[in-house]
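Each chain, letter by letter, is given below.
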Amino acid sequence: MSLPAEFPRESWYVAAHSEEIGPHLLARTVMDEPIVFYRTANGEVTALADRCVHRRYPLSKGTLSGDSIVCGYHGFTYDPAGRCTAVPAQQRIPRTARVPRYPLVEQDMLVWVWIGDPERADPADIPRAPWLGAPGWAVVRGMAPLAARAGLLLDNLMDLSHETYLHADYIGSAEVAETPILTTVDEGTGVVRVGRHMDDAECPPAYRATTGLPSPEPDGTDPAGFHNEIVYAITPETRRSAHDFWAVARDFAVDNDELSRKIAAAQTAVVQQDVDALELLEQVISDEAAGYRELSVNLDTGGLAARRRLAQLTVGRERGAPR
Amino acid sequence: MSLPAEFPRESWYVAAHSEEIGPHLLARTVMDEPIVFYRTANGEVTALADRCVHRRYPLSKGTLSGDSIVCGYHGFTYDPAGRCTAVPAQQRIPRTARVPRYPLVEQDMLVWVWIGDPERADPADIPRAPWLGAPGWAVVRGMAPLAARAGLLLDNLMDLSHETYLHADYIGSAEVAETPILTTVDEGTGVVRVGRHMDDAECPPAYRATTGLPSPEPDGTDPAGFHNEIVYAITPETRRSAHDFWAVARDFAVDNDELSRKIAAAQTAVVQQDVDALELLEQVISDEAAGYRELSVNLDTGGLAARRRLAQLTVGRERGAPR
Amino acid sequence: MSLPAEFPRESWYVAAHSEEIGPHLLARTVMDEPIVFYRTANGEVTALADRCVHRRYPLSKGTLSGDSIVCGYHGFTYDPAGRCTAVPAQQRIPRTARVPRYPLVEQDMLVWVWIGDPERADPADIPRAPWLGAPGWAVVRGMAPLAARAGLLLDNLMDLSHETYLHADYIGSAEVAETPILTTVDEGTGVVRVGRHMDDAECPPAYRATTGLPSPEPDGTDPAGFHNEIVYAITPETRRSAHDFWAVARDFAVDNDELSRKIAAAQTAVVQQDVDALELLEQVISDEAAGYRELSVNLDTGGLAARRRLAQLTVGRERGAPR
């Protein structure tokens, strides 16, 4: 393969952190589909196509009237199921006046939306991240818009040796790039895992600042040790842009707000370093796509396995194959 | 039809308000044709193709020398008929050295230019707006550049029910959207008219502020009543941009400059609300053109009739049919 | 011909003034090829393809470690010849891990790079500008990025009658446009020369300010007279952008820094006038390329000859013909 992977259309994608959704209209595009999200009076999240049936005006530019959206251009009104319930200056509502509603699951403080045939949407397929909503954990969250194809972010996160170079001042150390990567692929579920186990490693600057430790606990197996779970969800917006959702969960000093602020600042800076590098790479790829050639090495094993898995999903789903 | 109408090339278009044209060069593009306008010493307006014959440099970037334009790059000089009268470093002027002059009519304080075959230009075809230049009327004028196709502005102005939603804070009221629209099409002239007659209606906020009245006069037929004539001229600049010329004429308090300022502020704000909405819609249409679908309802009768009329003109004129 | 010339790929181009290159990474694109330049410890300039072999990250965003570049994304390391000397987390370096090095000559305080087949690069083909590095001359230098095709700058510089109109306030006078141009083409070397000889001419404003003279010396042949040598090098960056390198050399008042500052200010302003005009013309050409038509006159003789020469070079080199 010579270019980062494309993502499959038929899939669950993270559309938002739970805290982003309330009794107000949020526009977000997922896999080129413009969607409007809001929370109804009973606390459920609804996701509708963000285009009025009349003249395609974005519903997210309208207003909420109770649980209904009133279009901001001519006042067409929709209930949370997407049915049009009012048209100005006429009584009869055309039967075809409705906008699609997207399958949606809110779980682990994440809002997941299904793109593609709603019949295929199975909530059991959604991966879990229990730390993000469990007692005993403190979580810092954010999202960075990325003006680059999502595959570049996947490549980035599947090979953390870049921490040593791109993030040297925050989370990098020479030991990261020097430690071999363990890659496993579960052929049944298609899950690709990459890992590095570093015993008794020195803490990079940002982790030292956010734990107070010169190094983590000796071998990482002490149940009484400190744990950081860092979660990323990659969601394509268009073919050339993405949303980079991130969360940092910890099981220590959970009531320390000052620490939370430090973590947020460090993580935001690290994510921005990735965004800057990947937007530059997107420019390179856009300009050179025809002659783009890569040389892959050992540390790319995991990233290439993930690309292959996405390619399988993309082809299989597009042909209408069973999941 | 599934997209807003395109405009015919062979037509009179408003290129400027009279007050915009003086003894200086004004560049304006109409229907993708770059034109330079200026007023000569005898008070007439001339309109020439805005490209030097030599290396296509815009003449509007040059200077006026008497009634002639001197190109700002190499000094080629043109008289008001578009004939080249001087070339640097040579005596003989090539016979082909001339730029097209556009048919032009200045009427009702508007400058109309004819795009297309000059032989077909008939000033009698130009619609009138006598209030804009008549004694007993005060007029406030403006122009908003619109980064959207002109057809979206036509749709917008042919269905004023949007006033209730998009302009609620200025000129909208629930009564506007509730009052049925009267649409007439003159098959002879092709003129499409839409109207709403509201007896004894409550004044929307902007009209209350600019008339001092809680509501207009009871039935709108009192010759001694107050009258507002609001004029729009829609001129395509390119296929994806337009000029939105507007004027508000009144036959009351004509010497009240403070009122004129209030009207200008309110109308500028209303026009900007349209511009913002239509530029957003242009983005929607550009992104989704292939799959763009509309659902039309009763209130679209006038707008659809206008689209049909433009489609007839566009096809007829392109085939060279008689007008 | 109806459009400015394209430039041949196989050619020497000025990539930088010598003073721009030091022990730091400079990115510059020449003829659509991204290149990174730096000066090694022994004072030589090296020019490598600015794309890591791994994931195409620009090497110019990395760091210099001694004479080697360390990629800023994953740490791939390259020596000044372009050979990869280190890959993170593995000992063996793939044999194909190297980036192209460009033929390069530093001469007359200019850095020349050869684009195309390195076998064809002959330093003897490079034109000389001895004033830029010779004793007894003071030189002021600069470079303006130009968002327009390089051919427009060639047209501009081959016909200095534009000085009278575009640069009237700096270096223009009526005499320039009125004086006939002498054009010679050396069919052997392909060199095109245009010249104007003006005896006892009045000094335009900028030259008056930078020489203190109301006019140059009577006939321009006095060896004891004052001389200005103004050098331009036109280097395409992409098909729609270029670098405009310039230098003004003088053999009088060579130690007068105040005069150097005045010359720099005037020349920078003149170059910016060209840049503004040519970027506008680029817009015109981009919009109207299909119907673009020119009318050429006597003063275009030299520019048209230069266009023809470039067209010959472009065709000949593309076919692999001998130079």
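Named according to an unreviewed UniProt entry, chain A is Aromatic ring-hydroxylating dioxygenase subunit alpha originating from Nocardia vinacea.

Colleague: Got a minute to help me understand the packing of aromatic side chains in this structure?
Modeller: The geometry of an aromatic ring pair is captured by two quantities: the separation of the ring centres and the angle between the planes. Residue and element names in this part refer to chain A. Within this structure, the stated rule accounts for nine aromatic pairs over all chains. Here Tyr57 and Tyr73 contribute two aromatic rings whose centre-to-centre distance is 5.3 Å and whose plane-to-plane angle is 50°, an arrangement assigned as tilted. Taken together, the residues Tyr57 in the loop between β4 (45-49) and β5 (63-65) and Tyr73 in the loop between β6 (68-70) and β7 (77-78) connect sequence positions 16 residues apart. Judged on exposure class, the residue Tyr57 and its partner Tyr73 are both buried.

Colleague: Before we go on, may I ask you to explain the relation of the copies chain A and chain C in this structure?
Modeller: Two copies of a chain can be linked by a rotation about an axis combined with a shift along that same axis. If you rotate chain A by 120° and push it 0.0 Å along the axis, it lands on chain C with an RMSD of 0.1 Å. With respect to symmetry, the two chain copies, as superposed, fit the operation of a three-fold axis. Residue Ser286(A), judged by its C-alpha, is the member of chain A lying nearest the rotation axis, at 12 Å.

Colleague: Would you mind going over the sheet that holds β6(A) with me for this structure?
Modeller: Note: strands within a sheet are paired through backbone hydrogen bonds, in either parallel or antiparallel orientation. Residue and element names in this part refer to chain A. Read across the open sheet, the four strands follow the order β5-β6-β7-β8; overall the sheet is antiparallel. Two strands close off the open sheet at either side, each with one partner strand: β5 and β8 (84-86). Direction of pairing for β6 relative to β7: antiparallel, over a ladder of two bridges. Across the sheet, Ile69 pairs through a bridge with Tyr78, a residue of β7.

Colleague: What exactly am I supposed to notice about the sheet that holds strand β3 (residues 33-39) of chain A here?
Modeller: All names here are of chain A. Across the sheet, which stays open at both edges, the three strands sit in the order β2-β3-β4 with antiparallel pairing between neighbours. Among the strands making up the open sheet, the edge pair consists of β2 (26-30) and β4. The sheet shows a mean angle of 35° between the axes of neighbouring strands, taken without regard to direction. Sheet analysis places β3 next to β4, joined by five bridges and oriented antiparallel. Considered in β4, the bridge of Arg39 is made with Val45.

Colleague: Would you explain helix α1 (residues 150-158) of chain B in this entry?
Modeller: For the α-helix, the turn length of 3.6 residues means that residues three or four positions removed from each other point alike. Counting buried residues in α1(B) gives nine out of nine residues, a clear majority hidden from the surface. Of the positions making up α1(B), those classed as buried are Ala150(B), Gly151(B), Leu152(B), Leu153(B), Leu154(B), Asp155(B), Asn156(B), Leu157(B) and Met158(B).

Colleague: Would you take a moment to explain the environment of Ala121(A) for this structure?
Modeller: Examined against the element boundaries, Ala121(A) turns out to sit in the loop between β10 (110-115) and β11 (138-146). Sequence separation between Ala121(A) and Asp257(A) is 136 residues; the distance between their C-alpha atoms is 38 Å.

Colleague: Mind showing me how you'd approach the interface of chain A and chain C here?
Modeller: Size of an interface, as often reported, equals the accessible area lost when the parts are brought together. At the junction of the two partners, chain A supplies 26 residues and chain C supplies 23 residues. Across the contact surface, chain A and chain C share four salt bridges. Of the charged contacts in the structure, one is a salt bridge between Arg51(C) and Glu288(A), with a shortest N-O distance of 2.7 Å. The interface formed by chain A and chain C holds twelve residue pairs in polar contact (both at pLDDT 80 or more) in total. Of all the secondary-structure elements, those providing two or more residues to the side of chain A that touches chain C are α1 (150-158), α2 (163-166), α5 (257-288) and α6 (301-318) of chain A. Looking at the side of chain A that touches chain C, the element that brings in the most residues is α5(A), giving six residues. Residue classes in the side of chain A that touches chain C are distributed as 14 nonpolar, five polar and seven charged.

Colleague: Even after reading the chapter, I still don't get unusual backbone geometry, so can you show me in this structure?
Modeller: Negative phi values dominate among residues other than glycine, just as trans dominates among peptide bonds. A positive phi angle, close to 70°, is found at Asp32(A), a residue other than glycine. Notably, Met31(C) is not glycine yet its phi reads approximately 50°, a positive angle. The residue Met31(C) is located in the loop between β2 (26-30) and β3 (33-39) in this model.

Rules used in this analysis
- Residues numbered from 1 in each chain as written.
- Chains lettered and ligands numbered in written order.
- Predicted model: local features only at pLDDT ≥ 70, side-chain atom pairs only at ≥ 80, totals over all residues.
- Heavy atoms only, no water.
- Phe/Tyr/Trp six-rings, centres within 6.5 Å; stacked < 30°, edge-to-face > 60°.
- Helix = DSSP H or I, 4+ residues; strand = E, 2+ residues; numbered from the N terminus.
- Buried < 20%, exposed > 50% of the residue type's maximum accessible area, 1.4 Å probe, protein only.
- Least-squares fit on C-alpha atoms with pLDDT ≥ 70 in both.
- Pairing = 2+ DSSP bridges.
- Axes fitted to C-alpha atoms, helices over the stretch in contact; angles between N-to-C directions.
- Contact = heavy atoms within 4.5 Å.
- Salt bridge = Lys/Arg side-chain N within 4 Å of Asp/Glu carboxyl O.
- Polar contact = N/O pair within 3.5 Å; in protein donor to acceptor, adjacent residues only side chain to side chain.
- Nonpolar A, V, L, I, M, F, W, Y, C, P; charged D, E, K, R; others polar.

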